[in-house]
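# Chains, contacts and geometry: an overview
So you can see what is in the structure, the chains are spelled out below.
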Amino acid sequence: MLPNLNPFALRCCPWSGCCGMGDFRPRTVWLGHPEKREQRYPRNVINNQKYNFFTFLPGVLFNQFKYFFNLYFLLLACSQFVNELRLGALYTYWVPLGFVLIITIVREAVEEIRCFLRDKENQRVPADMIFLRTSERNGSCFLRTDQLDGETDWKLRLPVACTQRLPTAGDLLQIRSYVYAEEPNIDIHNFVGTFTREDGDPPVNESLSIENTLWASTVIASGTVVGVVIYTGKELRSVMNTSNPRHKIGLFDLEVNCLTKILFGALVVVSLVMVALQHFAGRWYLQIFRFLLLFSNIVPISLRVNLDMGKMVFSWMIKKDSKIPGTVVRASTIPEQLGRISYLLTDKTGTLTMNEMVFRRLHLGTVAYGMDSMDEVQSHVFSAYTQPPHDFAASRAPATTKVRKTISSRVHEAVKAIALVHNVTPVYEANGVTDQAEAEQHYEDTCRVYQASSPDEVSLVQWTESVGLTLVGRDQSSMQLRTPSGQILNFTILQIFPFTYESKRMGIIVRDESTGEITFYMKGADVVMSGIVQYNDWLEEECGNMAREGLRVLVVAKKSLTEDQYQDFEARYVQAKLSVHDRSLKVATVIESLEMEMELLCLTGVEDQLQADVRPTLEILRNAGIKVWMLTGDKLETATCTAKNAHLVTRNQDIHVFRPVTTRSEAHLELNAFRRKHDCALVISGDSLEVCLKFYEYEFMELACQCPAVVCCRCAPTQKAQIVRLLKERTGKLTCAVGEYAPTSNTTKTGFGPVVVPNLYPHIFSYSTIYTMFPVFSLVLDKDVKSEVAMLYPELYKDLLKGRPLSFKTFLIWVLISIYQGSIIMYGALLLFESEFVHIVAISFTSLILTELLMVALTVQTWHWLMVVAELLSLACYVASLVFLHEFIDIYFIATLSFVWKVTVITLVSCLPLYVLKYLRRRFSPPSYSKLTS
């Protein structure tokens, strides 16, 4: 969204309200002339909801009943409409099912309403626009794009030059102009278009690129802008990069669904056995269905109620957790998934590190300057601007002086280049004493802040300021530097070549106003700059040394141009930028004609500070059995150093650096070498990764998944997404991705809240939704161990990863327990109440409820006052319901002393032996957390 946007931005769009869709194709948009539109366009709305008004109810019901667990209860309820199969009143089946569906519908409705409100909030100006004008004095603006691409760096955006020069925004409607825009596509980093003004003499034709765009879902950092809308609705870049909302179901729900099928299979077998005992007499096939209905409570519908309500409680607890403020739960159906994560994939910059850069090293090849020698750099810069120029030429000093002057000249040239080759803009803010205009006019240091698209660039400009060469002013066409003596150096910006992930470099062509000299400066990654600069014998070695110290290295170079050389370049460059077909290729070809035999000036090294507590956090995750993969675009040595500093790789752990491979045979040999390594971390570059995935995808993923940690460097965003997808497909494990491939997500500590979930699982054999729901549901408040202990001993998390709380073994144990308790209650009632068999319903029903309440009480590890309330409330519900159940239960009979003690005996016999066995098992085979709770 674009705040502070002039309303003209909407009025100049003649088609923003149209509802026609049409195919994706290029368009010509006229300013202020809606009658000239050539096609109809989508409505200017955003819709991230899963359903609409008409599809909500059918969609929710379909997503519920497409799973066997829910379909089972629907079929049971529907069967009661058949007279031959009816076993009781319809409400006994439909009321519990309706209660479950109401909870589900309400939950989905709440999430849909929240999504609708978010969409409505973002719909102030949900459009992709071309930047026409700004109120900023420097003629540009900065965008925050983290909600679009996950990157925290600000992006510089420039208005169309001819519209920025107009006196007022209203003049935009008076000129005869239009924008040609390419067809909508998913590429958020590139754009091809042109702006044409026909009423000029001669007509003006300007090239439009990504620098002139204001995509929806971005935020303007300051100022006011005016733009023309070119894409709306489903044609928005942000919408085209968003997958359709889908119904999410957790791994636990799938496991319960599978166990339900097993139970249903057991029901069918038991029903067949019962019919077989009757020798398949009469309408035996109808008897099978009747037995299925009679035994249907083996799969209790109360389980569905408890699970859904438990998920809602867990989601609420996560949202309200004071230790992770600001957390948003966007999917309340899968909170338990946090307890089953096996792989955590993370970016480096801004995730493991703070994205706050500190300048550490300047290297000139023969000499290097660290933090302890920056005063020497400052001295060289000072002498370059204070010593008379003729002294340098006329000096015939001894050799030492001559060397010192040569070094001084080189340092000065390097610092000057660093101060010029960037996209940083100084902004002056009023501080209560100095007026903003006055501060900007006098370049007040106390009022100046730097705005840039990258913290790297800010750190470099701040460093040049610290050594004496200060960036004090900048607009679209000029830049001003202040020397140590206070002199202002003026430079005209002729061309800027922004940094891109593909080029890995940025450049600028400037003219020194005092001398008229034209210079092309460039900085970039060593992998690309090594082929651009003149031959040298130290670049590769020193880049490696600096990277091993954890520094992000940039190579700085320059090239002097004559006026004729620049004019020839400009003509070819403008022609290439106006092309609407293969523009990127043509522009790159023209720029590359300058990028030859450039003079290598220096290397710069900046350090990205680690996030607070990142080391203990990674250690906790590793001890919890979660494997962490770091995917970054940085150099191999830098990524390796960061992995060591952040303790992603432990000190005693070996690291296997995957050698660069380009062919299938090389990849095969390197994979064989890697296969012989054991328990070592893997470091691999993006290029080698691409080759391995192309020819040996299965083999590589199999080996990589065995590593305790993996670092992928020089990794493109598309490769990061590919790795996440492959990891999910190959392992079948749950993965969690944080960083720039996970936009709109808040990175929070995973925590160990789901440790309390397993206590809910065993009670899938609850007798009744009403009488036993509250005690079982209250178990969501239970904890095997306290939160502090779980964080202190993260190894406890491994039990959840193994899925033991709901394994087939656990499931079988609770089936046997249910059979035992059912047998004790039934046969105990027959033995103790043989002469009072008419009261069998009251006896068995009361025993069942008391048994369930006692089992819940014996299961609790950590009591909460709400658990006591739930037990008492459930018991109170039973006592109160006796008034309505007088047809089935004799109140006077259950009030007798004989009834009380006999039911007590049945309840104790059904529960205490199980508790004794549980005690003995804990005694001789205690769970992993038992020692921690003692």
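This is a predicted model, so every value here is computed, not measured.

Another aspect to go through is the overall build of the chain. When helices and strands are tallied, the chain shows 35 helices and 27 strands. The buried share among the 934 residues of the chain stands at 49%. In the chain, the share of contacts with a sequence separation of at least 24, taken over all contacts with a separation of at least 6, comes to 74%. Accessible surface computed for the chain: about 45300 Å², of which carbon and sulfur atoms make up 58%.

Next up on the list: unusual backbone geometry. For Ser-217, which is not a glycine, the phi torsion comes out positive at approximately 75°. Position of Ser-217 relative to the elements: it lies in the loop between strand 8 (213-214) and strand 9 (219-220). Positive phi is not limited to glycine here, since Asp-679 has a value of about 50°. Mapped onto the secondary structure, Asp-679 falls in the loop between helix 23 (664-675) and strand 25 (680-685).

Moving on: the nonpolar core. Core analysis: the largest hydrophobic core is formed by 42 residues, its most contacted members being Leu-362, Val-377 and Trp-463. Broken down by secondary-structure element, the contributors of at least two residues to this core are strand 12 (353-363), helix 12 (374-386), helix 14 (399-420), helix 16 (455-466), strand 17 (478-482), strand 18 (488-497), strand 19 (505-512) and strand 22 (599-610). Broken down by element, this core gets its largest block of residues, eight residues, from helix 14. Look past the residues within four positions of Trp-463 in its chain and what remains in contact with it is Phe-359, Leu-362, Met-374, Val-377, Val-415 and Ile-418. Among the nonpolar cores identified, the runner-up in size contains 33 residues, and Phe-65, Leu-74, Leu-292 and Leu-303 belong to it.

This brings us to the sheet that holds strand 25. Taking strand neighbours across the sheet as the criterion, the six strands line up as 24-25-26-23-11-27 in an open arrangement whose pairing is parallel. The two strands at the open ends of the sheet, each matched to only one other strand, are strand 24 (654-657) and strand 27 (734-738). Averaged over all adjacent pairs, the angle separating strand axes in this sheet is 20°, with direction ignored. Relative to strand 27, strand 11 (residues 341-346) is paired through five bridges, and the arrangement is parallel. Looking at strand 27, one finds that Thr-346 is bridged to Val-738. Against the sheet, helix 22 (residues 636-645) touches strand 23 (627-631), strand 24, strand 25 and strand 26 (709-713), its axis set at about 150° to strand 26. Helix 26 (residues 717-731) rests against strand 11, strand 23, strand 26 and strand 27 of the sheet, and its axis sits at about 170° to strand 11.

In this section: the pairing of strand 26. Counted residue by residue, strand 26 has five buried out of five residues, so it is predominantly covered. Two strands pair when backbone bridges link them, and strand 23 and strand 26 are joined in this way by four bridges, in the parallel orientation. Within strand 26, the residue paired with Trp-629 across the bridge is Val-710. Note that strand 25 and strand 26 share four bridges and pair parallel. Of the residues in strand 26, the one forming a bridge with Ile-684 is Cys-712.

With antiparallel pairing, the three strands of this open sheet are ordered in space as 4-3-9. Two strands close off the open sheet at either side, each with one partner strand: strand 4 (154-157) and strand 9. One ladder, built from two bridges, connects strand 3 (residues 141-144) with strand 9; its direction is antiparallel. Following the sheet pairing, Arg-144 is matched in strand 9 by Val-219.

Before going further, it helps to spend a moment on the environment of Pro-455. Note on placement: Pro-455 falls in helix 16. With sequence-adjacent residues up to four places away left out, Pro-455 is seen in contact with Asp-153, Asn-355 and Met-357.

In the contact formed by helix 8 (residues 251-277) and helix 30 (residues 808-832), the axes pass within 12 Å of each other and the chain directions differ by 45°. In terms of orientation, helix 8 lies oblique with respect to helix 30. Every pair of crossing elements has a handedness; the one defined by helix 8 and helix 30 is right-handed. Along the contact surface, helix 8 presents Cys-258, Leu-259, Ile-262 and Leu-263, while helix 30 presents Phe-808, Phe-811 and Val-815. Residues that form the contact of helix 8 with helix 30 fall into these classes: seven nonpolar, no polar and no charged.

All right, on to a positive patch on the surface then. The grouping of Arg-114, Arg-118, Lys-319, Lys-320 and Arg-330 at the surface amounts to a positive patch. Structurally, the position occupied by Lys-320 is in the loop between helix 10 (302-319) and strand 11. Exposure remark for Lys-320: the relative accessible area of 54% places this residue in the exposed category.

Before going further, it helps to spend a moment on the confidence of the model for the chain. Counting all residues, the mean pLDDT for the chain is 81, and 88% of those residues have values of 70 or more. Contacts from residues 1-22, a stretch scored under 50 in pLDDT, to residues over four places away or in other chains number 73 contacts. Throughout residues 390-404 the model reports pLDDT below 50, and contacts reaching past four residues in sequence, or to other chains, amount to seven contacts.

Quick look at the UniProt feature "binding site: ATP" (unreviewed entry) in the chain now. In the numbering adopted here, UniProt assigns the feature "binding site: ATP" (unreviewed entry) to Asp-347, Lys-348, Thr-349, Glu-457, Phe-499, Lys-523, Arg-552, Thr-632, Gly-633, Asp-634, Arg-714 and Lys-720. Position of Arg-552 among the secondary structure elements: in strand 21 (residues 552-561). Contact partners of Arg-552, with chain neighbours within four places excluded, come to Thr-349, Met-357, Asp-456, Thr-604, Gly-605, Val-606, Asp-608, Asp-634 and Thr-638. Position of Lys-720 relative to the elements: it lies in helix 26. In this structure the side chain of Lys-720 is engaged in a polar contact, spanning 3.2 Å, whose partner is the side chain of Asp-347.

The full count for this structure, using the stated rule, is 23 aromatic pairs. On the basis of an interplanar angle of 35° and a centroid distance of 6.5 Å, the ring pair of Trp-215 and Tyr-231 is categorised as tilted. Taken together, the residues span a long stretch of sequence, with Trp-215 in the loop between strand 8 and strand 9 and Tyr-231 in strand 10 (residues 225-232) at a distance of 16 residues. Exposure remark for Trp-215: the relative accessible area of 3% places this residue in the buried category. Between the aromatic rings of Trp-284 and Tyr-285, the centroid separation amounts to 6.0 Å while the plane-to-plane angle is 80°, which identifies the pairing as edge-to-face. Accessibility expressed as a relative area gives 46% for Tyr-285, which makes it partly exposed. Aromatic ring contacts, followed pair by pair, group Phe-68, Phe-69, Tyr-72, Phe-73 and Phe-264 into a single cluster.

What counts and what doesn't
- Position numbers for residues count from 1 along each chain, tracking the sequence in the order it is written.
- In keeping with the predicted nature of the model, local features appear solely for residues at pLDDT of at least 70, side-chain atom pairs appear and are counted solely at 80 or more, and the whole-chain, interface and lining totals rest on all residues.
- Think of the side-chain values as coming from all heavy atoms in the structure, minus any hydrogens and water.
- Here a strand is any run of E in DSSP of at least two residues, a helix any run of H or I of at least four, and the numbering for each starts at the N terminus.
- Exposure is judged per residue with a 1.4 Å probe applied to protein chains only, and the accessible area is read against the type maximum: over 50% gives exposed, under 20% gives buried, and values in between give partly exposed.
- Here, residues are in contact when the closest pair of their heavy atoms is within 4.5 Å.
- Note on areas: these come from Shrake-Rupley sampling with a 1.4 Å probe, and a residue is covered only by the protein chains present in the view.
- Among buried residues, those of type Ala, Val, Leu, Ile, Met, Phe, Trp, Tyr and Cys that are joined through side-chain atoms within 4.5 Å constitute a nonpolar core.
- For two strands to count as paired, DSSP must find a minimum of two bridges between them.
- The convention used is that axes are lines fitted to C-alpha atoms, helices contributing only their stretch in contact, and that angles between N-to-C directions extend from 0 to 180 degrees.
- Relative orientations are named as follows: roughly parallel for angles under 35 degrees, roughly antiparallel for angles over 145 degrees, roughly perpendicular for angles from 65 to 115 degrees, and oblique for any other angle.
- Crossing chirality is assigned from the near helix's rotation relative to the far helix, an anticlockwise turn below a right angle marking it left-handed and a clockwise turn marking it right-handed.
- Polarity classes work like this: nonpolar for Ala, Val, Leu, Ile, Met, Phe, Trp, Tyr, Cys and Pro, charged for Asp, Glu, Lys and Arg, and polar for all others, with Gly in that last group.
- Patches draw on residues past 30% relative accessible area with no salt bridge. Two like charges within 9 Å are joined, as are two nonpolar side chains (Val, Leu, Ile, Met, Phe, Trp, Tyr) within 5 Å.
- Every case where a carboxyl oxygen of Asp or Glu lies within 4 Å of a side-chain nitrogen of Lys or Arg is listed as a salt bridge.
- Counting rule applied: Lys, Arg positive; Asp, Glu negative; His and chain ends not counted.
- Lys charges are placed at NZ, Arg charges at CZ, Asp charges at CG and Glu charges at CD.
- For every residue, the predictor assigns a confidence score, pLDDT, that lies between 0 and 100.
- UniProt positions are given in the numbering used here, feature names are shortened, and annotations may be inferred rather than shown by experiment.
- Definition of a polar contact: a pair of N or O atoms within 3.5 Å, with one able to donate and the other able to accept a hydrogen when the atoms are protein atoms, and with sequence-neighbouring residues admitted only if both atoms are side-chain atoms.
- Here the aromatic set is Phe, Tyr and Trp, taking the six-membered ring for Trp, and pairing holds for ring centres within 6.5 Å; pairs whose planes are under 30 degrees apart are stacked, those over 60 apart are edge-to-face, and all others are tilted.

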